[in-house]
Each structure stands twice: as C-alpha cells, then as structure tokens.
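Understanding the architecture of this molecule
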Amino acid sequence: MYFVDVRLLDCAKESSSRAAYFLQIFDILLVPHLIHQLLQTIMADEEPVDPKQYLEETCKPKCVRPLRAYQACVERIKGDETGHKHCTGQYFDYWKCVDDCVALKLFVKLK
C-alpha cells in the first residue's frame, strides 16, 4: 500500500499552486496504481479470464467483409455431393482479420 508523506501534504497546504500540482500528481500516479492494486486483490480469488476471447468478440464486427465472403462460399457449396469444394480459404481469411485486430490490443495487456 502507498502512504502519502505528511510533508507533501504540508507543502500542498502552503500554496494553492502547490496544492493543484500535488493533486495532479496524486490523481495521475497514485490513484490509478491503487485502483489497479485493488482490482488485483479482488480478482486474486477468481479464476483468471482470457482477454483474447473478449477481444475476439469486439473485433468480429470489424471483419464483416471476410465473414460475408465465407458465408457466401458456404451457401454456394451446400449442394456439393462430392465433397471436393470447400471454403477453407475464406474461413482462414476471416480469422486472420480477427487475429490481426486482436493482436494490436492483446499484446499490450500481456506481461
């Protein structure tokens, strides 16, 4: 836990400009860290959640064009009795689009 040094509080009381500066530092540096620490404490008892699944769901709407191409391919080959036709290329194009979108956000969160 962080404790605020009493001398900093005394300096902040001396002038309004120092107080404003102190509050900026407190808000920017200390509060986000405390919030992060509190969330870590709360979530320590819970099962870890894979952020990739959430990010995939948020990225799927951005990949509508490859999804529609895949769905159109599936409709085209529904009547194929031979099993020679497939939509593997369109399927991988869709997931590549999703993975590219997820990668930008996911690797920032990983340690």
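The structure presented is a predicted model; accordingly, all values stated were derived computationally and were not measured.

On a plain count of helices and strands, the chain comes out with 5 helices and 0 strands. If you list the helices and strands of the chain from N to C, you get α-α-α-α-α. Burial statistics for the chain: of 111 residues in total, 14% are counted as buried. By sequence separation, contacts in the chain at least 24 residues apart represent 64% of the contacts at least 6 residues apart. When the accessible area of the chain is evaluated, it comes to approximately 9,400 Å², of which 61% is carbon and sulfur surface.

Our next topic: the nonpolar core. Of all hydrophobic cores here, the largest spans 8 residues; its members are Leu55, Cys59, Cys63, Tyr94, Val98, Cys101, Val102 and Leu106. Elements with a minimum of two residues in this core: helix H3 (51-59) and helix H5 (88-109). Looking at this core, the element that brings in the most residues is H5, giving 5 residues. Apart from the residues within four sequence positions on either side, Cys101 is in contact with Cys59 and Lys62.

Another point: the confidence of the model for the chain. Low pLDDT marks regions whose predicted coordinates should not be analysed in detail. Across the chain, pLDDT averages 75, with 58% of residues at or above 70. Confidence, expressed as mean pLDDT per element, reaches its minimum in the chain at helix H1 (residues 6-14) with 46 and its maximum at helix H4 (residues 64-76) with 95.

Our next topic: the packing of aromatic side chains. Inspection of the entire model under this criterion finds 3 aromatic pairs. A ring pair is formed by Tyr91 and Phe92, whose centres lie 5.7 Å apart and whose planes are at 70 degrees; its orientation type is edge-to-face. A ring pair is formed by Tyr94 and Trp95, whose centres lie 5.3 Å apart and whose planes are at 70 degrees; its orientation type is edge-to-face. Ring-pair connections join several aromatic residues into one group, and the members of that group are Tyr70, Tyr91 and Phe92.

Applying the stated criterion across every chain, the model contains 4 salt bridges. Across the pair Lys52 and Glu56 runs a salt bridge whose closest N-O atoms are separated by 2.7 Å. Taken together, the residues span about one helical turn, with Lys52 and Glu56 both in helix H3 at a distance of 4 residues. The buried category is assigned to Glu56, whose relative accessible area is 15%. Residue Glu57 pairs with Lys60 through a salt bridge whose shortest N-O separation is 3.1 Å. Classification of Lys60 as partly exposed rests on a relative accessible area of 25%.

Along the chain, Pro51 turns up in helix H3. For Pro51, a relative accessible area of 28% corresponds to the partly exposed category. Residues Pro51 and Leu106, spaced 55 residues apart in sequence, show a C-alpha to C-alpha distance of 7.3 Å.

This brings us to the state of the cysteines. Counting across every chain of the model gives 3 disulfides. The residue that forms a disulfide with Cys59 is Cys101, at a sulfur-sulfur distance of 2.1 Å. Here the S-S torsion is close to -70 degrees, and the disulfide linking Cys59 with Cys101 is therefore left-handed. Here Cys59, found in helix H3, pairs with Cys101, found in helix H5; they are 42 residues apart in sequence, far enough to count as distant. Among the residues examined, Cys59 registers a relative accessible area of 0% and is labelled buried. The disulfide partner of Cys73 is Cys87, and the gap between their sulfur atoms is 2.0 Å. The sign of the -90 degrees torsion about the S-S bond sets the Cys73-Cys87 disulfide as left-handed. Placement of Cys73 in helix H4 and of Cys87 in the loop between H4 and H5 is noted, with a sequence separation of 14 residues between them. A relative accessible area of 7% places Cys87 in the buried class. Across the chain, the disulfide pattern expressed with sequentially numbered bonded cysteines is 1-6, 2-5, 3-4.

Here is what the cut-offs are and how they apply
- Residues numbered from 1 in each chain as written.
- Predicted model: local features only at pLDDT ≥ 70, side-chain atom pairs only at ≥ 80, totals over all residues.
- Heavy atoms only, no water.
- Helix = DSSP H or I, 4+ residues; strand = E, 2+ residues; numbered from the N terminus.
- Buried < 20%, exposed > 50% of the residue type's maximum accessible area, 1.4 Å probe, protein only.
- Contact = heavy atoms within 4.5 Å.
- Areas by Shrake-Rupley, 256 points an atom, 1.4 Å probe, with all protein chains shown as cover.
- Core = buried A, V, L, I, M, F, W, Y, C linked by side-chain atoms within 4.5 Å.
- pLDDT = per-residue confidence, 0-100.
- Phe/Tyr/Trp six-rings, centres within 6.5 Å; stacked < 30°, edge-to-face > 60°.
- Salt bridge = Lys/Arg side-chain N within 4 Å of Asp/Glu carboxyl O.
- Disulfide = S-S within 2.5 Å.

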